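# Results of the structural survey
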Amino acid sequence: GNSVTQMEGPVTLSEEAFLTINCTYTATGYPSLFWYVQYPGEGLQLLLKATKADDKGSNKGFEATYRKETTSFHLEKGSVQVSDSAVYFCALSEWSSASKIIFGSGTRLSIRP
Amino acid sequence: DTAVSQTPKYLVTQMGNDKSIKCEQNLGHDTMYWYKQDSKKFLKIMFSYNNKELIINETVPNRFSPKSPDKAHLNLHINSLELGDSAVYFCASSPDRPNTEAFFGQGTRLTVV
């Protein structure tokens, strides 16, 4: 079946550092890909998405490009802030009789001032 | 206006009890879900409903019984609670079309003692 694998955390960076969180997927069809963010004590929020190959999703300085050839959707940000500390989930949407979102295991990101 | 709302936000109960978590969405979506997030933040889909009809049941013990009185509500009833049921439960909804993101509630933290 379809699956998502993302780098294990926790990831700890200093403020203004460059961030990459790796995500790869396995899918039989052409899923949409998502990054969700979960701030402490809150639910999941959609951070960005891409619906087809070579699409780039971006939001709040974060970017990710849908790479079909490498089945990847790595999350990047050029300069992280303390407020970016959260858990980040890579996910894909598969469609059969109904939509189903499959999540990676999550990566906890901590940013030091 | 809250798009996906769950109640209660916190639930502490004793083993063996029966409890319910309620979920409502005002987005007009046809599909609703329940996800379970364990202590390591791993998210696993439990159920998916489409227009009040059960579509996905991911090998969840039959002590868990979802009920959808209408397409805006999906409640989760849990019988004979066990220590291992302690987790955060998230309700979500999405439109009934391929490759769309899901919108999540704030979660219900269930603690079984």
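Residues numbered from 1 in each chain as written. Chains lettered and ligands numbered in written order. Predicted model: local features only at pLDDT ≥ 70, side-chain atom pairs only at ≥ 80, totals over all residues. Heavy atoms only, no water.

When you go through chain A residue by residue, the secondary structure sums to zero helices and 12 strands. The order of helices and strands in chain A, counted from the N terminus, is β-β-β-β-β-β-β-β-β-β-β-β. Against the globule reference of 13 Å for 113 residues, chain A gives a C-alpha radius of gyration of 14 Å, in line with a compact fold. Over its C-alpha atoms, taken along the principal directions, chain A stretches across nearly 45 × 30 × 20 Å. Taking the intrachain contacts of chain A between residues at least 6 apart in sequence as the baseline, contacts between residues at least 24 apart amount to 54%. When the accessible surface of chain A is totalled, it reaches about 5200 Å², and 47% of it is carbon and sulfur. Measuring between centres, the 10 positive side-chain charges of chain A sit 4 Å from its 11 negative side-chain charges. (Helix = DSSP H or I, 4+ residues; strand = E, 2+ residues; numbered from the N terminus. Rg over C-alpha atoms; globule rule 2.2 N^0.38 Å. Contact = heavy atoms within 4.5 Å. Areas by Shrake-Rupley, 256 points an atom, 1.4 Å probe, with all protein chains shown as cover. Lys, Arg positive; Asp, Glu negative; His and termini not counted. Charge placed at Lys NZ, Arg CZ, Asp CG, Glu CD.)

Glancing now at the interface of chain A and chain B. Each partner contributes to the interface: chain A provides 23 residues, whereas chain B provides 25 residues. When chain A packs against chain B, close to 2000 Å² is buried across both sides, 55% of that on carbon and sulfur atoms. Counting across the chain A and chain B interface gives one salt bridge. Between E101 of chain B and K49 of chain A there is a salt bridge, with its nearest N and O atoms 2.7 Å apart. At the junction of chain A and chain B, the tally comes to four residue pairs in polar contact (both at pLDDT 80 or more). Sorting the residues of the side of chain A that touches chain B by element identifies β5 (32–38), β6 (44–50), β10 (86–95) and β11 (99–103) of chain A as the ones contributing at least two each. Considering only residue class, the side of chain A that touches chain B consists of 11 nonpolar, eight polar and four charged. (Buried area = accessible area lost by both parts, 1.4 Å probe. Salt bridge = Lys/Arg side-chain N within 4 Å of Asp/Glu carboxyl O. Polar contact = N/O pair within 3.5 Å; in protein donor to acceptor, adjacent residues only side chain to side chain. Nonpolar A, V, L, I, M, F, W, Y, C, P; charged D, E, K, R; others polar.)

With that out of the way, let us pick up the sheet that holds strand β7 (residues 64–70) of chain B. All names here are of chain B. Taken together, four strands build an open sheet; the order of strands is β1-β3-β8-β7 and the sheet is antiparallel. Taken across any chain shown, the strands that pair with only one partner, and hence form the sheet edges, are β1 (4–7) and β7. Taking each pair of neighbouring strands and ignoring which way they run, the sheet shows an average axis angle of 20°. (Pairing = 2+ DSSP bridges. Axes fitted to C-alpha atoms, helices over the stretch in contact; angles between N-to-C directions.)

What follows covers the sheet that holds strand β3 (residues 19–21) of chain A. All names here are of chain A. The strand order β3-β9-β8-β7 describes an open sheet built from four strands, whose pairing is antiparallel. Of all the strands in the sheet, the pair left with one neighbour each is β3 and β7 (56–59). Each strand of the sheet is rotated relative to its neighbour by a mean of 15°, with strand direction disregarded. Bridge count for strand β8 (residues 62–65) against strand β9 (residues 75–77) is three bridges, and the pairing is antiparallel. When the sheet's bridge partners are listed, A64 is paired in β9 with L75.

Moving on to the pairing of strand β2 (residues 10–13) of chain B. Residue and element names in this part refer to chain B. Covered by surrounding structure in β2 are L11 and T13 only, the residues Y10 and V12 on the alternate face being uncovered. When β2 meets strand β11 (residues 108–112), the two strands line up parallel, connected through four bridges. Note on β11: the bridge partner recorded for V12 is T111. (Buried < 20%, exposed > 50% of the residue type's maximum accessible area, 1.4 Å probe, protein only.)

Let us now look at the side chain of T107 of chain A. Residue and element names in this part refer to chain A. Following the sequence through the fold, T107 ends up in strand β12 (residues 107–112). Within the structure, the side chain of T107 is placed 2.9 Å from the side chain of Q6, a separation counted as a polar contact. Setting aside its immediate chain neighbours within four residues, T107 contacts Q6, M7, G9, V11, I21, A86, V87 and Y88.

With that settled, consider the nonpolar core. Counting 27 residues, the largest nonpolar core has W35, L47, L48, F73, L75 and Y88 of chain A as the members making the most contacts within it. Elements that contribute at least two residues to this core include exactly β2 (11–14), β3, β4 (23–26), β5, β6, β8, β10 and β12 of chain A. Sort the elements by how many residues they give to this core and β10 of chain A lands first, with four residues. Counting 20 residues, the second-largest nonpolar core is a separate cluster that includes L11, M46, V60 and Y89 of chain B. (Core = buried A, V, L, I, M, F, W, Y, C linked by side-chain atoms within 4.5 Å.)

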